[in-house]
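Survey of secondary and tertiary structure
Okay, here's what each chain looks like letter by letter:
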Amino acid sequence: MRAYQQQAEIVRSEKLSDDIYRFTVNMADIAAGSKPGQFVMVRVAEGLDPLLRRPFSIHQVAKGGLVQILFKVVGRGTRALAGMQPGQQLDMLGPLGRGFAHDRPGQHYLVGGGIGIAPLLFLAKRMLKTVEPSAIRVLLGAATGTELDVLGEDFASLGIDVQLATEDGSLGEEGLVTELMASLPPGEGTVYACGPYPMLRVVAGISRKKGWECQVSLETMMACGLAACLGCAVLRRDMNGYVHACKDGPVFNADEVAWL
Amino acid sequence: MAIEQPDMRVSIGPLHLQNPVMTASGTFGYGEEYGSLVNLHRLGAIIVKGISLRPRQGNPPPRIAETAAGMLNAIGLENVGLERFLAEKIPFLEGIETPLIVNILGDSVDDYQELAARLDGEEKVAALEVNISCPNVRHGGVAFGTDPEMAHAVTKAVRDHFSRPVIVKLSPNVTDITVIARAVEEAGADALSLINTVLGMAIDIEAEKPKLANVFGGLSGPAIKPIGLRMVWQAAESVSLPIIGIGGITTPEDAIEYLLAGACAIQVGTANFINPGATEEIIRGIGKHLTARGIDSVQELTGRARRR
Ligand SMILES: Cc1cc2nc3c(=O)[nH]c(=O)nc-3n(C[C@H](O)[C@H](O)[C@H](O)COP(=O)(O)OP(=O)(O)OC[C@H]3O[C@@H](n4cnc5c(N)ncnc54)[C@H](O)[C@@H]3O)c2cc1C
Ligand SMILES: Cc1cc2nc3c(=O)[nH]c(=O)nc-3n(C[C@H](O)[C@H](O)[C@H](O)COP(=O)(O)O)c2cc1C
Ligand code: FES
């Protein structure tokens, strides 16, 4: 798989809530080559501090070589990134990693928690090239409604059934996205999930009980994104050695990895 | 009239390179990982991830943490082991003209010796770089590189079983680098490379525990450059072996500092993560610097700051 390092112009910056931003950048090579679930490594500062690139899922690609990332401000790097303005150049590396395998029969359940929603819009759009909207269901969860409203509408505008859950009950059902999942009907299906680790562990457990294949996108610390530093280790299911999130993932079959 | 290009070739003892810029072990995978981002044919040499006799799983995560202008790593020397390296990684590297230097590590002197003997039979391997920053399992886990006798023993074992150049990579986690440098010179090394990572740690104040599962890790990146530079200077003063400078090199200027301090070549490590194009930019930048100052050959830079 070919990766590119590019200076990409930020063509649009949207502030979706207090701390969630969506950037649209122009980077044709990355846009052309990327698959849902893959990610980019972004340089958030010009100087040497913060030093490392930050990984972000590809949120969407659009005609004209445009790529979007959706991110939440959680620390120094994402804060610096949020301060960047349209017209500025962003140093991007990608597309990286192994994405979702979505050529599966039956129902498709896209399950996102918090900022883990990011890669699912791209996935839904790609799926719609081969399956009917009725074959896809999207379940999204977050702490509060402002983190979900815009994104929920993006999915709904594709004609896909969307169910929302918020911990404070301000939008959709009150509770966790995993609770929505538990009430899904039985039958042939595949789960595609992204979110915090504790959520993914529950999603993997429910999927196992329902007999569904479950693909999860895992987050780890990463220095290179290129399979060179070996920093992104994830314990294998058999507890005997590690797989690497930037190369073998970030999307794994839930059965490949140990759930601790 | 065409302007003469400066001569970028360097010789590290018996090892001849087209330019002085190499990739530091553990920061460039087995070369292939950077194949679509870097013109591998342009590099001075490719140094691959440290290889042990048997595969190693490495440490539990988290294995890395960012620090001010640097990073900590406790990868735990994860690698595919010698057999898979020979079967799966060397074929790609054989297609690249750039000299291949294999970094080796072991738990005992015997391990190093066997690695040297096995790799001696591999024509593509231009030189070995011996990582002596690992614990000697038979001697209470004390790192080979922190004890002059053990450093001597490892160097000699490799020297006696490998017919091409042997580079010994020194650990900065010692009180006096010159003692180790002399022991290694005395044991027959062809060159020294320094520095490996500097032992450090970081604590997560929310979780109130160390950020690395291994507690301690090796610090690398721009933050360690002054330490590397000082140690290269000291080593250059105490031995007559050629020295390869490592530690925080991110720009051509950083590389030139190391050359001026006494290094005849340099390695780029952590910078590959931040800017995959770093090695090529550094090669071009050194060339420009030489042209701008009317210096004919990069070799003339070596140790120039020492003579002033
Ligand atoms: C493959 C992958 C895809 C990702 N996609 C997205 C995305 O689409 N949108 C988004 O907002 N975030 C995403 N992340 C997480 C994002 O990379 C981190 O939030 C970001 O690196 C934090 O940087 P910071 O400097 O702001 O935080 P720091 O100041 O470095 O740390 C703040 C907090 O974030 C945690 N953190 C730091 N780095 C990472 C990391 N690499 N992964 C997870 N947590 C981290 C730290 O442990 C700490 O708790 C993704 C991570 C991975 C590995
Ligand atoms: C993630 C990582 C892995 C490393 N692995 C090795 C290794 O296997 N063998 C070795 O001799 N040095 C290893 N090093 C040390 C580097 O080769 C280099 O000496 C050190 O990082 C200092 O250079 P830098 O500041 O340019 O990174 C590693 C460094 C990093 C950051
Ligand atoms: S992030 Fe460096 S190997 Fe995966």
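Everything discussed here concerns the structure shown above.
Presented here is an overview of the structure given in this document. A quick note: this is a predicted structure, and the numbers were derived from the prediction, not measured.

About the thresholds
- Residues numbered from 1 in each chain as written.
- Chains lettered and ligands numbered in written order.
- Predicted model: local features only at pLDDT ≥ 70, side-chain atom pairs only at ≥ 80, totals over all residues.
- Heavy atoms only, no water.
- Near = heavy atom within 4 Å.
- Polar contact = N/O pair within 3.5 Å; in protein donor to acceptor, adjacent residues only side chain to side chain.
- Areas by Shrake-Rupley, 256 points an atom, 1.4 Å probe, with all protein chains shown as cover.
- 1 Å grid on protein atoms, 1.4 Å probe; cavity = no way out; pocket = protein on both sides within 12 Å on 5 of 7 lines; lining within 4 Å.
- Sits in = over half its atoms within 2 Å of the grid points.
- Nonpolar A, V, L, I, M, F, W, Y, C, P; charged D, E, K, R; others polar.
- Phe/Tyr/Trp six-rings, centres within 6.5 Å; stacked < 30°, edge-to-face > 60°.
- Helix = DSSP H or I, 4+ residues; strand = E, 2+ residues; numbered from the N terminus.
- Buried < 20%, exposed > 50% of the residue type's maximum accessible area, 1.4 Å probe, protein only.
- Lys NZ or Arg CZ within 6 Å of the ring centre and 35° of its normal.
- Points joined across faces, edges and corners; volume = space filled by probe spheres on them.
- Pairing = 2+ DSSP bridges.
- Axes fitted to C-alpha atoms, helices over the stretch in contact; angles between N-to-C directions.

Concerning the site of ligand 2
All names here are of chain B. Not every one of the 25 residues close to ligand 2 is listed here, only the nearest: Ser25, Lys169, Gly221, Gly248 and Thr270. Glycine 269 is positioned such that a nitrogen or oxygen atom in its backbone is 3.1 Å from an oxygen atom of ligand 2. One nitrogen or oxygen atom from the side chain of threonine 270 is found 2.6 Å from an oxygen atom belonging to ligand 2. About the coverage of ligand 2: the protein hides 98% of its 610 Å² of free accessible area. The cavity that encloses ligand 2 is the second largest pocket. Looking at the shell around ligand 2 residue by residue, the classes come out as eight nonpolar, 15 polar and two charged.

A word on the site of ligand 1
Residues and elements named next belong to chain A. Around ligand 1, 20 residues are found, and the nearest of them are Arg54, Pro55, Leu70, Gly77 and Thr78. Residue arginine 76 places a main-chain N or O atom 3.4 Å away from an oxygen atom belonging to ligand 1. A distance of 3.0 Å separates a nitrogen atom of ligand 1 from a polar backbone atom of threonine 220. Protein coverage of the free-state accessible area of ligand 1, which is 850 Å², stands at 77%.

Structural notes on the packing of aromatic side chains
As enumerated under the stated definition, the model contains nine aromatic pairs over all chains in all. Measuring from ring centre to ring centre gives 5.7 Å for Phe56(A) and Phe71(A), while their planes differ by 55 degrees; the resulting arrangement is tilted. Highlighted residues: Phe56(A) in strand 4 (residues 54–57) and Phe71(A) in strand 6 (residues 66–72), separated in sequence by 15 residues. There is no split in this pair, since Phe56(A) and Phe71(A) are both buried. For the pair Tyr112(B) and Phe144(B), a centre-to-centre distance of 5.3 Å together with 85 degrees between the ring planes defines the contact as edge-to-face. Taken together, the positions of Tyr112(B) in helix 2 (residues 109–120) and Phe144(B) in the loop between strand 10 (142–143) and helix 3 (148–161) put the pair 32 residues apart, joining distant regions of the chain. In this structure, Tyr112(B) and Phe144(B) share a single accessibility class: buried. Through a chain of ring-to-ring contacts, three or more aromatic side chains come together here, namely Tyr21(A), Phe23(A), Phe56(A) and Phe71(A). Positioned over the ring face of Tyr242(A) is Arg63(B), at 4.8 Å from the centre of the ring.

A few points about the layout of surface pockets
Residues and elements named next belong to chain B. Taken as a whole, the second largest pocket holds about 1,000 Å³ of empty space. What lines the second largest pocket is a set of 49 residues, and nearest its centre among them are Asn73, Leu77, Asn196, Thr197 and Gly218. The element best represented in the lining of the second largest pocket is strand 16 (residues 217–220), accounting for three residues. Class assignment of the residues belonging to the lining of the second largest pocket gives a composition of 20 nonpolar, 27 polar and two charged.

A word on the sheet that holds strand 4 of chain A
Residue and element names in this part refer to chain A. Taken in spatial order, the seven strands make up an open sheet running 4-3-7-1-2-6-5, and their pairing is antiparallel. Strand pairing shows two members of the sheet lacking a second neighbour, strand 4 and strand 5 (60–62), which therefore form its edges. The mean angle between the axes of side-by-side strands here comes to 35 degrees, regardless of whether they run parallel or antiparallel. Here strand 5 pairs with strand 6 via three bridges, running antiparallel. Note that in strand 6 the partner of valine 61 across the bridge is valine 67.

So, the pairing of strand 7 (residues 89–96) of chain A
All names here are of chain A. Within strand 7, seven of the eight residues are buried, leaving the element largely enclosed by the surrounding structure. With six bridges connecting them, strand 1 (residues 4–15) and strand 7 associate as antiparallel partners. Within strand 7, the residue paired with glutamine 5 across the bridge is leucine 93. For strand 3 (residues 39–43) and strand 7, the ladder comprises four bridges, and the chain directions are antiparallel. Paired with phenylalanine 39 across the strands is leucine 96, a residue of strand 7.

A short note on the sheet that holds strand 7 (residues 100–104) of chain B
Residue and element names in this part refer to chain B. Read around the barrel, eight strands follow the order 3-4-7-8-11-12-17-18 and close on themselves; strand pairing throughout is parallel. Ignoring strand direction, the axes of neighbouring strands in this sheet form an average angle of 25 degrees. Judged from the three bridges that link them, strand 12 (residues 191–194) and strand 17 (residues 243–246) form a sheet pairing that is parallel. Note that in strand 17 the partner of serine 193 across the bridge is isoleucine 244.

Everything listed here is a matter of geometry and, on its own, says nothing about what the molecule does.
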